[in-house]
Amino acid sequence: MKSSTGTIDKGQLRSDFFNLLAFLVTSARNCVEEPKLYGPFRLIDGASRLIGILEQADIADEFLVEIRKKIDDNKYSVMGDKDEFIKFLDNLILDFVDKLKSTGG
Amino acid sequence: MKTFDAIKGRRSVRSYKDEKIPIEKLEKIMEAAIWSPSASNAQAWEFIVVENDADIKKIKTFSPGIFGNPAAIIIVCRDLKRAYKLCGELGRDTLSLMDISMASQNIMLAGHDLGIGSCAVRSFGISAVKRLFDLPEHINPELLITLGYPEKTPKPPRRRGISEVVHWHNR
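Residues numbered from 1 in each chain as written. Chains lettered and ligands numbered in written order. Predicted model: local features only at pLDDT ≥ 70, side-chain atom pairs only at ≥ 80, totals over all residues.

Trainee: Before we go on, may I ask you to explain the overall build of chain A in this structure?
Mentor: In terms of helices and strands, chain A carries 5 helices and 0 strands. For chain A, the succession of helices and strands along the chain, N to C, is α-α-α-α-α. In terms of principal-axis extent, the alpha carbons of chain A reach across some 45 × 35 × 25 Å. The buried share of chain A, taken over its 105 residues, is 12%. Partitioning the intrachain contacts of chain A with sequence separation of at least 6 by distance along the chain shows that 47% fall at a separation of at least 24. (Helix = DSSP H or I, 4+ residues; strand = E, 2+ residues; numbered from the N terminus. Buried ≥ 20, exposed ≤ 12 C-beta atoms within 10 Å, placed from the backbone. Contact = placed C-beta atoms within 7 Å.)

Trainee: Looking at this structure, I do not really get the overall build of chain B. What am I missing?
Mentor: Counting its regular elements, chain B contains 6 helices and 4 strands. Along chain B, helices and strands appear, N-terminal first, in the series α-α-β-α-β-α-β-α-β-α. On C-alpha atoms alone, chain B measures out to a radius of gyration of 17 Å, which is about the 16 Å that the 2.2 N^0.38 rule sets for 171 residues. Dimensions along the principal axes, computed over C-alpha positions, put chain B at roughly 55 × 40 × 30 Å. For chain B, the residues scored as buried account for 35% of the 171 residues in total. Residue pairs in contact within chain B that sit at least 24 positions apart in sequence constitute 82% of those at least 6 positions apart. (Rg over C-alpha atoms; globule rule 2.2 N^0.38 Å.)

Trainee: Looking at this structure, I do not really get the interface of chain B and chain A. What am I missing?
Mentor: For an interface, size is often stated in terms of accessible area lost upon the parts coming together. At the junction of the two partners, chain B supplies 8 residues and chain A supplies 11 residues. Considering only residue class, the side of chain B that touches chain A consists of 4 nonpolar, 3 polar and 1 charged. (Nonpolar A, V, L, I, M, F, W, Y, C, P; charged D, E, K, R; others polar.)

Trainee: Please explain the sheet that holds strand β3 (residues 117-121) of chain B as it appears in this structure.
Mentor: Residue and element names in this part refer to chain B. The strand order β1-β2-β4-β3 describes an open sheet built from 4 strands, whose pairing is antiparallel. Across the chains shown, the open sheet's two edge strands, defined by having one partner strand only, are β1 (45-50) and β3. Each adjacent strand pair in this sheet contributes to an overall mean axis angle of 25°, direction not counted. Two strands pair when backbone bridges link them, and β3 and strand β4 (residues 139-148) are joined in this way by 5 bridges, in the antiparallel orientation. Looking at the pairing, Ala120 lines up with Ile145 of β4. The strands touched by helix α3 (residues 53-61) within the sheet are β1, β2 (72-79) and β4, with β1 carrying the most contacts at an inclination of about 115°. (Pairing = 2+ DSSP bridges. Axes fitted to C-alpha atoms, helices over the stretch in contact; angles between N-to-C directions.)

Trainee: Before we go on, may I ask you to explain the pairing of β2 of chain B in this structure?
Mentor: Across a regular strand the side chains alternate sides, sitting on one face of the sheet and then on the other. All names here are of chain B. Taking burial as the measure, the 8 residues of β2 include 8 buried ones, the bulk of the element. Residues Ala72, Ile74, Val76 and Arg78 of β2 are buried on one face, and the alternating residues Ile73, Ile75, Cys77 and Asp79, pointing to the opposite face, are buried as well. Here β1 pairs with β2 via 6 bridges, running antiparallel. The residue bridging Trp45 from the neighbouring strand is Arg78, located in β2.

Trainee: Help me understand the environment of Met1 of chain B, please; the structure alone is not making it clear to me.
Mentor: All names here are of chain B. Mapped onto the fold, Met1 is located in the segment before α1 (3-9). Taking C-alpha positions, Met1 is 9.1 Å from His112, a pair spaced 111 residues apart along the chain. Filtering out sequence-adjacent residues up to four positions away, Met1 remains in contact with Ala6 and Asp113.

Trainee: Help me out: how do you make sense of unusual backbone geometry in this one?
Mentor: Excluding glycine, residues mostly have negative phi values, and the peptide bonds linking residues are mostly trans. Residue and element names in this part refer to chain B. Phi is positive for Gln43, close to 50°, though the residue is something other than glycine. With respect to the helices and strands, Gln43 occurs in the loop between α2 (23-34) and β1. Take Gln43: there are 18 C-beta atoms within 10 Å of it, and that puts it in the partly exposed class.

Trainee: Is there a simple way to think about the packing of helix α2 (residues 38-56) of chain A against helix α3 (residues 62-74) of chain A in this case?
Mentor: When two helices pack together, their arrangement is captured by the angle between the axes and the distance separating the axes. Residues and elements named next belong to chain A. Axis separation between α2 and α3 bottoms out at 9 Å; the angle between their running directions is 140°. As far as their axial angle goes, α3 and α2 are oblique. The two elements α2 and α3 meet at a crossing, and its hand is left-handed. In this structure, α2 uses Ile44, Ala47, Ser48, Ile51, Gly52, Leu54 and Glu55 to contact α3, whose residues at the interface are Leu64, Val65, Ile67, Arg68, Ile71 and Asp72. The residue makeup of the contact of α2 with α3, split by class, is 8 nonpolar, 2 polar and 3 charged. (Parallel < 35°, antiparallel > 145°, perpendicular 65-115°, else oblique. Left-handed = near helix turned anticlockwise from the far one by under 90°.)

Trainee: I tried to follow the confidence of the model for chain B on my own but got confused; where do I start?
Mentor: Predicted coordinates in regions of low pLDDT should not be interpreted in detail. Taken over all residues, the pLDDT of chain B has a mean of 97, while the share at 70 or more is 100%. In the model output, the complex is listed with pTM 0.90 alongside ipTM 0.82. (pLDDT = per-residue confidence, 0-100.)

Have a look at this one:
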């Protein structure tokens, strides 16, 4: 998403955020009727999509890239194994906690 | 492929290869759709086959339930006016939904038979798709079926056992 001069392509960024926002808005509407677990599923999928945009813009660090991969590898557990999905989310939170502690934030 | 193998082998595919589906195969799949049963033979359905990448992208923008990059998307619609005309309120409110569900299963089984993966998606913006494709008021998009050559085929999910869900009466 960066141009040859190293600057961020604002047009592409605008388009990517438009798509993300359309995803969020549509998800919000559909969550009114969809199964309860689809709410957390959309949120975590939204997190993955957001990191994807940051990656394209060369803003995401290794930690976020790893988080995105973990999300994409595990998010579908929501379809078949609720306990596994919850455990995956719990572990993801702990990843953020460990990151925060390691950076002294 | 034997029917039973198709039924047991079909999976919901959410990762597709970057490869278009030949038109003959899509036509065959749609032929399977229109040969599904319908209440009072009303056939109150309409199918919009979307192959163009730009249009697929537009649908995806408003479809949180679509994953991967499908080669085609079928918008499965109910024709509420026709359903009501031929089958009354029951047809409009209930039977037409059952009918498009059976047509959708035909689509997915025929696709599987042709080596094409599919996934039925209800998580999409119904009003968004209706406006994107300028659908008339009485044509209701109910289901999206993504199609494409599978990049990854998921493992079969756990099924509830026959003894758990099938109840033989007086046997």
